[in-house]
Amino acid sequence: MTLLTTARRSGGKAGGAAHRPAHRHRHRPLDHGAWFLVLPALIPILLLSVGPLLYGIVLAFTDAQSGRTRATQWVGTLNFRDLLHDTLFWESFRIGLVWAVGVTVPQFLLALGLALLLDQKLRLRWLARALAIVPWAMPEVVVGIMWRLVYHPDAGILNETLRDLGLGGGRDWLSGLATALPAVVLVGVWAGMPQTTVALLAGLQNTPRELHEAAALDGAGAWRRFRTVTWPALRPVALAITALNFIWNINAFALVYVLTGGGPGGRTRLPMLFAYEEAFRYGQFGYAAAMGCVLVAVISVLLAVHLASRLKGDE
C-alpha cells in the first residue's frame, strides 16, 4: 500500500513537472502576439511623449538658447540653482496652485450637482445632457475668444447686463489686478465642468437602483441616501477625475494665454506661461526646460501621493 501511494505521488510530481514546461511553452506565442498588437499604440507614445520628455530633461542641463552661433554647453545643475532663487517663477507657481485649486474644487462641486440632476427622470433629459457637454466640444482658443467678448469693458454682455440692472458697468475684468484671476478661474470652471459631469454621471448610473430603493424603504432621506449609498459608490470615480482635473489645470496654457496672456502684471501668469515666455520670448531654452522638469517632478509627486492613498484606501 505504501509503495502504491509513493508511486502515485511520484507519478503525480513527474506528471506535474512534465506538464509545466509545456504549459509555459504554450503561452509564449500569445505573449509575443500581445506585444505585436500593442506596438502600434506604443510607438507613437515613445516617439511623441517619452522621447520629447527625455530630450527636455537633457536640455535642462545645458545653456541652450535661440539664435546662438556657438555650440550648446553642458552646465550641470546651474539652471536648477538659478531657478531656486527666481522669485518670479515661484510666484507663478503659487498662482498656478491657486488657479488649479480654484478651478478644480468648484468644478467638481458644480459637476456633482449637475450630474445628480441629470440622473433624475426629467423631461427632455437627453437634450439637457447634450447641452451640458457643449463647452467640452469647443476648442480652448474658441472658448477664450468667446469669453473675452463676454468680459469686454464696452460691448461685453456682462457689463451690459450690469448696466441694465443699475449696478454700474464698463469694468475691464481681464485687465484689473483684483479681477483678472477670478475672471479667468470662472472661465476655467465653465470650460472644464462637462468632462467631470460625464464621469460622475457614469458613476451614478453604475450605482444599483435597488440600494436606493432599499434605503428609501428604511426611511432614509435624500441626504442620508447620498451619504450612505451614492457617495461610497461614486467615491473612486470622484477621486480619479479630481486628480486628473488638478493635473490638467496646473498644466493649463491655451485658455489663459488667449484670455490674458499672463497679465495684468503677471497676476495670471501660470507656470506653463512663464516657461513659454522664457523659451520663445527670451530664447532661454535650457532654463525653460528646467522649469518644465520641476513641474513634472511636482506633478509626479502629487500623483504618487494620490495613487498611494487610493491603494491604501482599497486595502
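Now for a quick tour of the structure.

So, how was this worked out
Residues numbered from 1 in each chain as written. Predicted model: local features only at pLDDT ≥ 70, side-chain atom pairs only at ≥ 80, totals over all residues. Heavy atoms only, no water. Salt bridge = Lys/Arg side-chain N within 4 Å of Asp/Glu carboxyl O. Helix = DSSP H or I, 4+ residues; strand = E, 2+ residues; numbered from the N terminus. Buried < 20%, exposed > 50% of the residue type's maximum accessible area, 1.4 Å probe, protein only. Axes fitted to C-alpha atoms, helices over the stretch in contact; angles between N-to-C directions. Parallel < 35°, antiparallel > 145°, perpendicular 65-115°, else oblique. Left-handed = near helix turned anticlockwise from the far one by under 90°. Contact = heavy atoms within 4.5 Å. Nonpolar A, V, L, I, M, F, W, Y, C, P; charged D, E, K, R; others polar. Arc of directions from axis to C-beta. Core = buried A, V, L, I, M, F, W, Y, C linked by side-chain atoms within 4.5 Å.

## Here we look at the pattern of salt bridges
Argument step 1. Throughout the structure, instances matching the rule amount to four salt bridges.
Argument step 2. The partner of E160 in a salt bridge is R163, and the shortest N-O contact between them spans 3.2 Å. With E160 and R163 both in helix α7 (residues 157-164) and three residues apart, the pair spans about one turn of that helix.
Argument step 3. With its nearest N and O atoms 3.3 Å apart, the salt bridge here joins R269 to E277.
Argument step 4. For R269, a relative accessible area of 21% puts it in the partly exposed group.
Argument step 5. For E277, a relative accessible area of 8% translates into the label buried.
Argument step 6. Look at the salt bridges and you will find they share partners, linking R269, E277 and R281 into a network.

## Looking at the packing of helix α3 (residues 87-118) against helix α8 (residues 180-205)
Argument step 1. At a minimum axis separation of 6 Å, α3 and α8 run at an interaxial angle of 45 degrees. On the basis of the axis angle, α3 is oblique to α8. Crossing angle aside, the handedness with which α3 passes α8 is right-handed.

## Let's talk about the packing of α8 against helix α10 (residues 222-250)
Argument step 1. The contact between α8 and α10 brings their axes to 9 Å, and the two run at 160 degrees. Accordingly, the angle class assigned to the pair α8 and α10 is roughly antiparallel. Note that α8 runs across α10; the crossing there is right-handed. Every residue of α10 that contacts α8 at Q195, T196, A199, L200, G203 and L204 is listed here: T230, L234, V237, A238, I241, N245 and W248.
Argument step 2. Class assignment of the residues belonging to the contact of α8 with α10 gives a composition of eight nonpolar, five polar and no charged.

## Concerning helix α6 (residues 140-150)
Argument step 1. Listed in full, the buried residues belonging to α6 are V143, G144 and W147. Buried residues of α6 fall within an arc of 100 degrees about the axis and therefore sit on the same side.

## Some remarks on the nonpolar core
Argument step 1. One finds W99, Y151, V187, L255 and L259 to be the most contacted residues of the largest nonpolar core, which totals 27 residues.
Argument step 2. Breaking this core down by element, the ones donating at least two residues are α3, α6, α8, α10 and α11 (254-259).
Argument step 3. When residues of this core are assigned to their parent elements, the largest contribution, seven residues, is made by α8.
Argument step 4. If you look at the next biggest cluster of nonpolar residues, it comprises 15 residues, including L112, A115, M193 and L200.

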